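Survey of secondary and tertiary structure
One letter stands for each residue in the lines below.
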Amino acid sequence: MNNKFALRALLPGALLLSLLAGCDSKKTEAPPASTDAPAAQASKVDWPAVKSAVKKDPAVEARIEDLLSRMTLEEKIGQLVQPEIKFLTPEDVKQYHVGSVLNGGGSTPGSNKYATMEDWVKLADSYYNASVDKSNGRIGIPIMWGTDAVHGLGNVIGATLFPHNIALGATNNPDLLKEIGRVTAIEIAVTGLDWDFSPTVAVARDDRWGRTYESWSEDPKIVGDFAGKMVEGLQGEGGTDNFLTNNHVIATAKHFIGDGGTLNGVDRGPTQG
């Protein structure tokens, strides 16, 4: 593992996210329903049991425990905070022990949509250097920078843009998603970032939902097949030497369970079974 990701591996959050890589699943039966439950509630439900290709490293786990034992309460709280780059300075990172930073859609260094690669890397380095500053007894945990590159790195002029999920789902080609993930990861890494808030695994069930274009399909199996390949493209394959190299970034499957299946297509509304 390269130095960049070796440092990131010190963070519990990074470890949890990397567990998304290379997952395979097998069906397991739910516990028997109570005999007192109504018949409608007693039907069997199968849930997948996830087995990750990314194994825990005892040395890393011990390092995490050591860090946690030495962190102040302020440092722990700071690690849970994720400001937007529009509102975060390197001094803020240092003062408040900020653990991660986000740039959402349309957010760029200095609010300049024509920001160069040098601008992106300079800002990434400034956040990083502030985060590892150990003055005043700080632990110095490296910051993580996440971006919304859901169909290519849309925040960067000149980056490759890909069709939205609704179009890619029509290709019936999961391997294409792996290639898209690979290319997206390379272009994210060039900017100095290491984390992508993608793929979106919404299963659109009502076309009135305003974000239907973010869904590959209304078929959960298709969504599952595509998502696994996209994660492999972004991160590399878990358990191999190609995992989280300099040309890969951490992936994040999103959003909440039931996203895309809300009642009457109301965004962020209730999802009924």
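The coordinates are above.
Let me sum up the structure you'll find in this document. Since the model is a prediction, treat every value here as computed from it, not as a measurement.

**A word on the environment of Val 81**
Here Val 81 shows up in the loop between helix H4 (73-79) and helix H5 (90-96). On the basis of relative accessibility, which here comes to 35%, the residue Val 81 falls in the partly exposed class. The sequence separation of Val 81 and His 97 amounts to 16 residues, and the corresponding C-alpha distance is 8.7 Å.

**Focus: the packing of aromatic side chains**
On inspection of all chains with the given rule, the structure shows four aromatic pairs. Aromatic side chains Trp 120 and Trp 145 sit 6.0 Å apart centroid to centroid with 35° between the ring planes, which places their arrangement in the tilted category. On the criterion of sequence distance, the pair formed by Trp 120 in helix H6 (residues 117-131) and Trp 145 in strand S4 (residues 144-147) is long-range, its members being 25 residues apart. For Trp 145, a relative accessible area of 3% gives the class buried. Seen in terms of ring centroids, Trp 195 and Phe 197 are 4.8 Å apart; in terms of plane orientation they differ by 65°. Their pairing is edge-to-face.

**Some thoughts on unusual backbone geometry**
Residue Pro 199 is reached from Ser 198 by a cis peptide bond, and omega for that bond is 10°. Tracing the backbone through its elements, the reader meets Pro 199 in the loop between strand S5 (195-196) and helix H9 (220-235). Note the cis peptide between Lys 254 and His 255, where omega equals 10°. Of note, Asn 264 is a non-glycine position whose phi angle comes to about 60°, a positive value. With respect to the secondary-structure elements, Asn 264 resides in the segment after H9. Since its relative accessible area comes to 45%, Asn 264 is described here as partly exposed.

**Some remarks on the pairing of S4**
What you see with S4 is no split at all: Met 144 and Gly 146 on one side and Trp 145 and Thr 147 on the other are buried throughout. Across four bridges, strand S3 (residues 100-103) lies against S4 in parallel orientation. Note that in S4 the partner of Ser 100 across the bridge is Met 144. In this fold, the crossover linking S3 to S4 by way of H6 has right-handed handedness. Sheet topology note: the S4/S5 ladder contains two bridges and is parallel. The residue bridging Thr 147 from the neighbouring strand is Asp 196, located in S5.

**Some remarks on the nonpolar core**
Counting residues in hydrophobic clusters, the biggest one holds 34 residues, and the most contacted among them are Val 93, Val 101, Tyr 127, Trp 145 and Trp 216. Mapped by element, the contributors of at least two residues to this core are H6, helix H8 (174-190) and H9. It is H9 that contributes the most residues to this core, six residues altogether. Every residue in contact with Val 93, bar those within four places of it in the chain, is listed here: Leu 88, Val 98, Tyr 127, Ala 130, Ser 131, Arg 138 and Ile 143. Listed in part, the eight residues of the second largest apolar core include Phe 197, Phe 243, Leu 244 and Ile 250.

Parameters and conventions
Each chain has its residues counted from 1, following the order in which its sequence is written. Reporting in this predicted model follows two pLDDT cut-offs: at least 70 for local features of residues, and 80 or more for side-chain atom pairs to be given and counted; totals over whole chains, interfaces and linings ignore these cut-offs and use all residues. Hydrogens and waters are ignored; side-chain quantities use all the structure's heavy atoms. For the purposes of this entry, the term helix denotes a DSSP run of H or I that reaches at least four residues, the term strand denotes a run of E that reaches at least two, and both are numbered from the N terminus. Think of it in three bands: with a 1.4 Å probe and only protein chains considered, a residue is buried below 20% of the maximum accessible area for its type, exposed above 50%, and partly exposed in between. Aromatic pairing here means that ring centres of Phe, Tyr or Trp (its six-membered ring) are within 6.5 Å. Orientation follows from the plane angle: under 30 degrees is stacked, over 60 is edge-to-face, and everything else is tilted. The criterion for strand pairing is that DSSP finds at least two bridges linking the strands in question. By convention, a crossover is right-handed whenever its connection, traced from the first strand over the helix to the second and viewed with the strands pointing away, goes clockwise. To form a nonpolar core, buried Ala, Val, Leu, Ile, Met, Phe, Trp, Tyr and Cys residues must be joined to one another through side-chain atoms within 4.5 Å. Note on definitions: a residue-residue contact is assigned when non-hydrogen atoms from the two residues lie within 4.5 Å.

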